[in-house]
Amino acid sequence: MDQAQGLRNVVKLHNQRNLPNARVFTITSGKGGVGKSNMAVNLAVQFRKMGKRVIIFDADFGLANVEVMFGTVPKHNLSEVIYGDKDISEIITPGPEGIGFISGGSGIIGLNNLNNDQVNYLVHSLSKLNELTDVLLIDTGAGVSDQVLDFVLASPEVLLVATPEPSSLTDSYSLVKALYKNPRFMKSSARIRVVPNRVRSKEEGDAVYNKLDSVVDKFLHGKIELLGMIPEDHALERAVRSQQIVSLEAPQAKSSKAYAQIAAALMEQEENTSGWGISQLFGSFLRRY
């Protein structure tokens, strides 16, 4: 049985059991240092406050921002599911507020070397995440690497974090352009929502979105959405310096309230890709290899 057939079988079994799909949000950015991982952990906290089960999948192989903010070093990563004998539930590291954390480690890099048995075991394990979480947040690396593009291309809902700095705007557009130029990009169903970060006013946040939307419309004939914005906030800066999560350390701070508004907006909006879930996302990702 080839990889694609193994994936189809897992998805079919999941649907036959009538299990609800977890919401999957992929958080990405055109460059590093714009607050992407902060977005992931703070949204996770806000979803937990709403009573949702949350797991963060750290797909940023070069950095360990999420585990630094969680104050924990995972003992296991995805490679132990692929090459070892661990179940996906055994590599989930508990974080604050009951948030789960999965380290991708070097596991994704070796996907192109999998044999059929490994593929079948991997997709079966990944499908179990639908039973373990209501929300899966994927924290990608930054930039336009193949790994970042693969995750974003496979994702039904993408959150693009950008700041007012010209380099962030340029790199954000480069990422969107790379998506639109990829033959696997599904323009009709893709949903890319921009979150301006570290903005000094609503007008500055609107300007970040309008600049990106204008060039995407003009040169790519596409459309992106404005999801919300995170204000520049001394409480957030202090939390970052002390490797803490502002939504926990200062829940009344203006940045914490902004994260809460974004989380609420995401839960209020209906997912525009009915039937998409964890099995489908990783299935689409794995077919790349």
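Look up: the structure comes first, before these words.
Reference entry: report on the structure contained in this document. Please read all numbers here as calculations on a predicted model, not as lab measurements.

Reading guide: rules and limits
Residues numbered from 1 in each chain as written. Predicted model: local features only at pLDDT ≥ 70, side-chain atom pairs only at ≥ 80, totals over all residues. Heavy atoms only, no water. Core = buried A, V, L, I, M, F, W, Y, C linked by side-chain atoms within 4.5 Å. Buried < 20%, exposed > 50% of the residue type's maximum accessible area, 1.4 Å probe, protein only. Helix = DSSP H or I, 4+ residues; strand = E, 2+ residues; numbered from the N terminus. Contact = heavy atoms within 4.5 Å. Expected span 1.5 Å × (residues − 1). Axes fitted to C-alpha atoms, helices over the stretch in contact; angles between N-to-C directions. Parallel < 35°, antiparallel > 145°, perpendicular 65-115°, else oblique. Left-handed = near helix turned anticlockwise from the far one by under 90°. Nonpolar A, V, L, I, M, F, W, Y, C, P; charged D, E, K, R; others polar. Pairing = 2+ DSSP bridges. Salt bridge = Lys/Arg side-chain N within 4 Å of Asp/Glu carboxyl O. Phe/Tyr/Trp six-rings, centres within 6.5 Å; stacked < 30°, edge-to-face > 60°.

**Some points on the nonpolar core**
- Of all hydrophobic cores here, the largest spans 36 residues; its most connected members are L43, F47, I56 and L137.
- Of all the secondary-structure elements, those providing two or more residues to this core are strand 1 (23-29), helix 2 (36-49), strand 2 (54-59), helix 3 (65-70), strand 5 (135-142), strand 6 (158-162), helix 10 (234-241) and helix 12 (254-268).
- Ranked by the residues each element gives to this core, the list is headed by helix 2, at seven residues.
- Look past the residues within four positions of I56 in its chain and what remains in contact with it is A40, V41, A44, V66, F70, I99, G100, F101, I102 and L137.
- One finds L153, A162, Y173 and V176 within the second-largest nonpolar core, a separate group that totals 23 residues.

**Regarding helix 9 (residues 202-220)**
- In this model, helix 9 (19 residues) spans 26 Å end to end at C-alpha, consistent with the 27 Å of a helix rising 1.5 Å per residue.
- Taken as a whole, helix 9 has its buried residues at E204, G205, V208, Y209, L212, D213, V216 and L220.
- Of the residues trailing helix 9, H221 is marked for its positive phi of about 55 degrees.

**What about the packing of helix 2 against helix 12?**
- Two elements in contact, helix 2 and helix 12, have axes whose closest approach is 9 Å; the angle formed by their N-to-C orientations is 70 degrees. The angle between helix 2 and helix 12 falls in the class roughly perpendicular. Helix 12 is crossed by helix 2, and the crossing has right-handed handedness. In this structure, helix 2 uses N38, M39, N42, L43, Q46 and F47 to contact helix 12, whose residues at the interface are S256, Y259, A260, I262, A263, L266 and M267.
- Here the contact of helix 2 with helix 12 is built from residues that sort into nine nonpolar, four polar and no charged.

**A short note on the pairing of strand 5**
- The buried fraction of strand 5 is high, at seven of eight residues.
- Summarising the sheet, strand 2 and strand 5 pair through six bridges and their orientation is parallel. What sits directly across from I56, in strand 5, is L137.

**Some points on the pattern of salt bridges**
- The tally for this structure, following the rule as stated, stands at 10 salt bridges.
- Its salt-bridge partner being K128, residue D87 comes within 2.5 Å of it at the nearest N-O pair. Pair noted here: D87 is in the loop between helix 4 (79-82) and strand 3 (93-94) and K128 is in the loop between helix 5 (116-127) and helix 6 (129-132), with a separation of 41 residues, a long-range link.
- In this structure, the salt-bridge partner of K223 is D213, at a minimum N-O distance of 3.2 Å. Taken together, the residues span a long stretch of sequence, with K223 in the loop between helix 9 and strand 8 (225-226) and D213 in helix 9 at a distance of 10 residues.
- Residue D213 is classed as buried on the basis of its relative accessible area, which comes to 13%.

**Regarding the side chain of T93**
- Of note, T93 is situated in strand 3.
- Judged by its relative accessible area of 10%, T93 falls in the buried class.
- Beyond its immediate stretch of four places on either side in the chain, T93 contacts T72, P74, K75, I99, G100 and F101.

**What to know about the packing of aromatic side chains**
- Counted under the stated rule, the structure contains four aromatic pairs.
- Ring centres of F25 and F47 lie 6.0 Å apart, and the angle between their planes is 10 degrees; on these two criteria the pair is classed as stacked. Of this pair, F25 sits in strand 1 while F47 sits in helix 2; the two residues are 22 residues apart in sequence, bridging distant segments of the chain.
- On the basis of relative accessibility, which here comes to 0%, the residue F25 falls in the buried class.
- Residue F47 is classed as buried on the basis of its relative accessible area, which comes to 0%.

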